Each structure stands twice: as C-alpha cells, then as structure tokens.
Amino acid sequence: MNSWNLKILSFAVILMIGTSKAFAGAGIATAHSLATEAGISMLQMGGNAFDAAVAISSTLAVVEPGSSGMGGGGFWLLYDAAKRQSIMLDGREKAPLQASRDMYLDDKGDVIANLSIDGPLSAGIPGQPAALVWLAENYGSLPLSVLLEPSINAAQRGFAVSNGVQSKIKWRKDQLKNYPSTAEIFLNGGNIPEVGELLVQEDLANVLQALAERGHDGFYSGPVAETLVKGVQEAGGIWTIEDFNQYEVAVRVPVTFTYRNMKITAAALPSSGGIVLAEALNILEYYDITKLDEADLIHVVVEAARRAYRDRAEYLGDPDFVSVPVDMLVSKNYASGLNQSIRMDSATKSDDLAPITVTTGEGGNTTHFSVIDSNNNMVAATLSINYLFGSGFIPPNTGVLLNNEMDDFSLRPGSPNIYGLVGSDANSIEAGKRMLSSMTPTFIEDDQRIAILGAPGGSRIITMVLLGILEFEKGADANSIVSRPRFHHQYLPDVIQFEKNAPNADVLSALESRGHQFKILDRTWGNMQTVIFEKSSGTVSAASDPRGQGTSWQAN
Ligand code: GLY
C-alpha cells in the first residue's frame with residue numbers, strides 16, 4: 001500500500017470518527033460547491049489551508065469559468081500560523097513585452113472601443129498557474145498532482161451548468177461566439193447550454209495535467225506555452241514565448257493598519273485594495289460609526305471613499321515600476337488632513353478634488369474564497385480574468401480562456417476603464433508591468449475574533465470589504481457580513497450607487513438634501529465569502545453571500 005492509499009484509508013477512518021472532531025476549527029467559503037468540496041477533500045487528506053487553496057483555485061477555474069481561471073491571475077493573502085506571518089502572493093497578470101503605452105489609442109489619441117476588453121490583445125500574461133505551483137511548493141504539504149486532481153476531474157468529466165453559469169454565458173454570448181475555439185466549449189452548437197447539462201473541458205484538463213506533472217514549466221514552457229502563444233499570435237495578439245519565460249510571481253508585504261481596536265491585513269500593490277481601505281478607514285476613525293443613523297453613515301463612508309478612490313486614481317500603480325507614496329497614503333496624519341474637508345451637512349463635489357469627467361462602467365466579475373485550517377493557517381484569495389469570461393478568447397486546443405486584465409491599466413490618463421475607474425501615469429501600460437487591481441483579500445482581527453473575507457466586483461470590491469469591516473465592528477456574524485445591503489462611491493462618477501434594495505425614501509432624501517446624487521441599480525452586486533474564527537472557543541463559522549450560489553463549510 002503506497003502512502004496515498006494509506007492517506008485515503010486514514011481519511012475514511014477519520015470520516016467514521018466524525019468530521020467535526022477531526023477538523024475542529026476549519027472552515028471554507030467559496031463561490032461554488034465543487035470548489036468547497038475540493039478544499040474539504042484536501043483538509044481531509046491531511047492537507048493544510050494552503051493545499052485547500054490550490055485545490056479550490058484550480059477547481060474554480062473549471063466550474064466558474066466566467067470569473068477566474070488558468071488564463072488569469074489573482075492575489076492569495078496567506079497567514080502562516082507557525083511563523084505568525086502574513087504575505088501576499090501576487091499572481092497578477094503582466095503586460096506582454098510587446099505592449100506599449102498607447103496600444104489602445106487611435107491616431108487621434110482616442111481609446112479604440114473594446115480593444116482592451118475583447119479578444120487576444122486584451123489579455124495579460126497569466127499568473128494563476130505560476131501562483132498555484134509556488135503556493136504548493138512553498139506552503140503546501142500535498143503533491144501538486146493531488147491538489148489538482150479535483151479540477152482535472154471536473155474538467156474531464158464535466159460539471160453541471162448552474163443557472164448562474166448559464167446566465168453568465170447568456171450575458172457574454174456575442175463575444176463567446178466570435179471565436180470557434182471558445183464557442184465549441186461554452187456554446188452547445190451555438191446555443192446557450194441547458195441548466196444541468198455537463199460542460200466538459202478536455203483541453204483544459206490536459207493543461208492542468210501538464211501543470212500537475214511538470215509544475216511551472218508545464219504551463220510556461222513546452223507545448224502548452226507554445227500552443228497558447230501561437231493561438232494568440234494567429235488571432236492578432238502580441239504574446240511571445242519570452243513573456244512566458246519571464247513570468248514569475250511576486251511575494252509582497254501586505255498592507256497592515258489598525259482601525260479602532262482592529263488589525264487589518266489586506267492586499268498590497270499592485271492591488272489598490274489595502275491602501276484605499278486604509279485611507280478610507282483612517283478617515284472613518286473620526287466618526288462613531290456604530291452610533292450614526294443610516295443617512296449619516298452613508299454620508300461619511302461616501303466622503304471617505306471619495307477621497308481614497310481619488311488618490312487611487314492619482315498615485316497607484318505597479319510598485320515594481322513606479323514609486324508610490326504608500327506610507328503617506330496610509331498614515332493617520334494624512335487622514336486627519338483629508339477629514340478636515342468633510343462636512344456633515346453637505347457633500348463634497350468630486351470635481352472640487354480633481355477636474356476629470358468620466359462615465360460609469362458596469363460589469364465586474366472575479367471570484368473570492370476564504371479558508372482556515374485547524375492549525376489556524378488562513379487564506380483569503382481573490383482571483384480574476386477581469387470581465388465576465390475575460391477576453392472571450394480561448395487559443396485553439398488549450399481550453400484556457402484568456403483574461404482581459406489589460407483594461408485595468410489606465411489606457412489614457414483620465415479615461416475610464418470598464419468599471420469607470422480613472423488613472424494616471426502611475427498605472428499606464430509598460431512592457432512587463434502589472435495592471436492596478438481592486439481585488440482586496442483581507443484579514444480582520446480584534447481581541448475576540450478573526451475574519452477572512454473578500455469579494456468579486458471590480459471597482460466595488462473595496463467598498464464591499466469596507467462595509468464588511470464595519471459590520472464586523474458591530475459584532476455581526478458571518479451571515480450578516482456577507483448579506484449586508486451595499487452602496488458604493490468611487491470618486492468618479494460623482495454618484496452613490498445603491499443595490500436594488502436601496503434605503504428608504506427618508507434616508508435618500510436626507511442624502512439628496514446634502515447634495516449627493518445617487519443611482520439605484522436594478523440588481524445587487526458582489527459574492528462575498530467569509531470565515532470567522534472565535535478566539536476563545538476556537539470555533540469557526542463560514543458564510544457565502546446569498547447573492548451568489550456559493551457554499552460554506554465549517555467543522556467545530
Ligand atoms: N480585474 C479586476 C481587478 O483586478 O480589480
């Protein structure tokens with residue numbers, strides 16, 4: 001009997017003893033039941049939270065194909081309990097080496113519609129495969145072949161299309177139709193697949209198998225890399241083998257700061273998440289948040305977000321390429337200065353902060369999961385191919401759906417991306433540079449509890465996490481944190497966005513009388529996944545956002 005058979009046997013014994021006893025203190029929340037199960041199975045085989053994270057990430061790449069994938073990237077915020085150390089694993093995509101600053105502009109200097117959103121030119125060099133190998137090799141305890149098995153099975157045997165996946169395919173059908181290599185996987189003879197139909201991804205299974213067998217080189221050199229590059233070039237893209245030779249993950253020091261009695265650990269550059277959160281929460285420390293009425297709370301959160309997102313646009317970009325005044329932006333002194341311009345009785349005009357006019361963008365996909373194991377190792381990971389189904393392009397014979405993260409660069413200073421976000425030179429395109437992100441995997445800790453959380457949703461991610469932190473401050477449980485009604489402001493456009501279940505008319509009129517403009521969307525946003533650990537009892541509770549179709553699991 002080899003060691004794996006032994007592990008499987010001991011797993012069966014453990015199951016007989018009872019899951020809750022064997023894994024007490026472990027919890028998982030992901031956006032898909034098969035990903036949650038993949039994570040549980042790794043813990044059951046004796047793996048740690050990092051093993052679970054590899055299995056979950058790769059399974060989400062298969063079963064939530066519109067949101068993240070092997071053709072994309074992400075940030076894995078890791079807490080190693082033995083070392084008592086947090087790091088951020090940066091598997092963000094990079095601009096191809098042949099990319100250039102004005103590549104999406106026409107002769108007049110105007111942005112060419114959709115070039116950074118649809119097709120091979122919109123894709124950065126994927127980072128997720130490299131990140132999964134790095135995570136397994138440096139933090140995991142099980143072999144990569146075991147960690148990738150659930151995803152390979154799901155790709156080979158197929159997974160049942162849910163109504164969520166079906167509606168996302170419907171939403172992006174026109175782009176998916178443009179490429180036969182994409183259409184043959186996601187459209188059944190050109191039609192939207194039925195709910196319950198099996199979606200098989202054999203080529204993707206082969207790519208995952210190559211990664212399982214050859215590690216980093218399985219994706220970044222040899223047949224997989226060559227086929228990806230050939231497919232991209234033949235479709236008009238600019239990828240080269242050199243892009244693949246050069247791609248490597250980065251290990252970043254997370255942004256850490258205090259908010260009242262809490263310690264927050266969040267994503268560092270090239271994500272804007274941690275810095276924007278710190279700046280906004282430092283301002284909010286000047287207000288007794290738990291005692292404010294609803295209109296006052298929305299007002300001060302909007303004013304804080306307005307200022308923090310404004311600085312995002314001005315200062316933030318890839319720290320390997322630009323110098324960013326991070327210490328200043330996250331300092332309490334800086335927030336004190338910003339707070340002096342906030343008045344309770346009137347809204348600041350964003351145009352008074354910076355003279356740029358933009359229009360709003362919609363959309364926003366991505367995925368988030370949270371994991372803790374029984375040794376208190378933790379992972380908060382937010383992964384993306386950017387827009388729904390990314391670029392819509394799968395290089396033939398690879399099954400790898402490419403991202404369209406190039407749209408997260410500032411294509412032209414002041415010009416909004418698909419989320420309506422503007423940027424400056426700090427986030428302009430350069431060969432090999434990582435595009436600025438809003439993905440915000442986060443740990444929150446006070447003297448009683450630790451929460452692991454994050455969400456998908458483009459530019460709205462940061463305000464979702466901020467509202468989650470304010471719920472945590474009130475003592476809310478995991479379910480209340482993920483369910484909380486949401487609003488959003490991002491400096492430009494100068495409008496508060498509300499989900500369809502907006503506050504009542506009195507609250508809206510109190511905001512209007514201060515000069516706020518607002519828009520009530522006909523939908524909700526986000527799909528937050530949260531795990532909370534109670535320090536005194538060692539118990540865990542996990543929750544998946546009711547807006548999505550995720551599942552959570554905990555063992556106590
Ligand atoms: N692609 C969305 C983000 O990284 O913010």
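Residues numbered from 1 in each chain as written. Predicted model: local features only at pLDDT ≥ 70, side-chain atom pairs only at ≥ 80, totals over all residues. Heavy atoms only, no water.

### Details of the pattern of salt bridges
On inspection of all chains with the given rule, the structure shows 31 salt bridges. One salt bridge in this structure joins R412 and D110, with 3.3 Å as the shortest N-O distance. Of this pair, R412 sits in the loop between β10 (378–384) and β11 (442–445) while D110 sits in the loop between β3 (85–91) and α5 (128–138), and the two are 302 residues apart along the sequence. Overlapping salt bridges, with partners in common, bring together D90, R252, D320 and R434 in one network. (Salt bridge = Lys/Arg side-chain N within 4 Å of Asp/Glu carboxyl O. Helix = DSSP H or I, 4+ residues; strand = E, 2+ residues; numbered from the N terminus.)

### Some thoughts on the environment of G124
Mapped onto the fold, G124 is located in the loop between β3 and α5. Not counting residues up to four positions away in its chain, the partners in contact with G124 are E93, K94, P96, W239, N403, M406 and M435. (Contact = heavy atoms within 4.5 Å.)

### Some thoughts on the pairing of strand β9 (residues 367–372)
Among the 6 residues that make up β9, 6 are buried, leaving the element largely enclosed by the rest of the structure. Along β9, one buried face is formed by T367, F369 and V371 and the opposite face, lined by H368, S370 and I372, is buried too. Looking at chain direction, strand β1 (residues 26–30) and β9 are connected through 3 bridges and run antiparallel. By the bridge assignment for β9, G27 is matched with I372. Looking at chain direction, β9 and β10 are connected through 6 bridges and run antiparallel. Paired with T367 across the strands is L383, a residue of β10. (Buried < 20%, exposed > 50% of the residue type's maximum accessible area, 1.4 Å probe, protein only. Pairing = 2+ DSSP bridges.)

### Details of the site of the ligand
Inspection of the region around the ligand gives 9 residues, with N386, E405, D408, S437 and S438 positioned closest. Note that a nitrogen atom of the ligand is positioned 2.8 Å from one of the side-chain N or O atoms of E405. Here an oxygen atom of the ligand sits 2.6 Å away from a polar atom, N or O, in the side chain of S437. Here the ligand loses 99% of its free accessible area of 190 Å² to cover by the protein chains. (Near = heavy atom within 4 Å. Polar contact = N/O pair within 3.5 Å; in protein donor to acceptor, adjacent residues only side chain to side chain. Areas by Shrake-Rupley, 256 points an atom, 1.4 Å probe, with all protein chains shown as cover.)

### What about α5?
With respect to burial, α5 is a largely interior element, 8 of its 11 residues being buried. Among the residues of α5, those classed as buried are Q128, P129, A130, A131, L132, V133, L135 and A136.

### Focus on the pairing of strand β7 (residues 255–259)
On a regular strand, one side chain projects to one face of the sheet and the next to the other, so that they alternate. Residues V255, F257 and Y259 of β7 are buried on one face, while the alternating residues T256 and T258, pointing to the opposite face, are not. In this structure, β7 lies alongside strand β8 (residues 262–266), joined through 5 bridges in antiparallel fashion. Counterpart to Y259 in the pairing with β8 is M262. Hairpin connection between β7 and β8: a loop of 2 residues separates the two successive antiparallel strands, and R260 in this loop has a positive phi of roughly 50°.

### Things to note about the sheet that holds strand β15 (residues 518–520)
Strand order in this open sheet of 3 strands is β13-β14-β15, and the pairing throughout is mixed. Every interior strand has two partners, whereas the edge strands, β13 (487–488) and β15, have only one. Pairing of β13 with strand β14 (residues 496–498), which is carried by 2 bridges, proceeds in the antiparallel orientation. Bridging across to β14, H488 finds its partner in Q497.

### Some details on the sheet that holds β7
The 6 strands lie next to each other as β7-β8-β11-β12-β16-β17, forming an open sheet whose pairing is antiparallel. The open sheet terminates on both sides in strands that have one partner only, identified here as β7 and β17 (540–544). For this sheet, the mean angle separating the axes of adjacent strands, direction not counted, is 15°. By the bridge criterion, 5 bridges tie strand β16 (residues 529–534) to β17 in an arrangement that is antiparallel. Residue pairing across strands places I532 opposite S541, the latter belonging to β17. Here helix α15 (residues 273–284) sits on the sheet and contacts β7, β8 and β11; the angle it forms with β7, its principal contact strand, is near 15°. (Axes fitted to C-alpha atoms, helices over the stretch in contact; angles between N-to-C directions.)

### Brief notes about the packing of aromatic side chains
The full count for this structure, using the stated rule, is 11 aromatic pairs. Their ring planes at 45° and their centres at 5.8 Å tell us that Y220 and F244 sit as a pair that is tilted. Of this pair, Y220 sits in helix α12 (residues 216–220) while F244 sits in helix α14 (residues 241–246); the two residues are 24 residues apart in sequence, bridging distant segments of the chain. The buried category is assigned to Y220, whose relative accessible area is 1%. Overall, the relative accessible area of 1% leaves F244 in the buried class. (Phe/Tyr/Trp six-rings, centres within 6.5 Å; stacked < 30°, edge-to-face > 60°.)

### Re the packing of helix α4 (residues 49–63) against α5
Closest axis-to-axis distance for the α4/α5 pair is 9 Å, and the angle between their directions is 160°. If you check the angle between α4 and α5, you find them roughly antiparallel. For the pair α4 and α5, the sense of crossing is left-handed. Contacts between α4 and α5 involve F50, A53, V54, S57, S58 and A61 on the former and, on the latter, Q128, L132, L135 and A136. Residues of the contact of α4 with α5, tallied by class, amount to 7 nonpolar, 3 polar and no charged. (Parallel < 35°, antiparallel > 145°, perpendicular 65-115°, else oblique. Left-handed = near helix turned anticlockwise from the far one by under 90°. Nonpolar A, V, L, I, M, F, W, Y, C, P; charged D, E, K, R; others polar.)

### Examining the layout of surface pockets
By volume, the second largest pocket amounts to about 350 Å³. Lining the second largest pocket are 16 residues; nearest its centre among them are Y79, K263, M378, E445 and I450. Every element with two or more residues in the lining of the second largest pocket is listed here: β3, β8 and β11. (1 Å grid on protein atoms, 1.4 Å probe; cavity = no way out; pocket = protein on both sides within 12 Å on 5 of 7 lines; lining within 4 Å. Points joined across faces, edges and corners; volume = space filled by probe spheres on them.)

### Some points on the environment of G236
Relative to the helices and strands, G236 is located in the loop between α13 (223–234) and α14. Among the residues examined, G236 registers a relative accessible area of 46% and is labelled partly exposed. Taking the C-alpha atoms as reference points, G236 and L121, separated by 115 residues in sequence, lie 7.0 Å from one another.

### Overview of the side chain of N527
Structurally, the position occupied by N527 is in the loop between β15 and β16. Looking at N527, its side chain comes within polar contact range of the side chain of Q529, at 3.1 Å. Aside from chain neighbours lying at most four places away, what touches N527 is A31, A455, P456, R486, D545 and G548.

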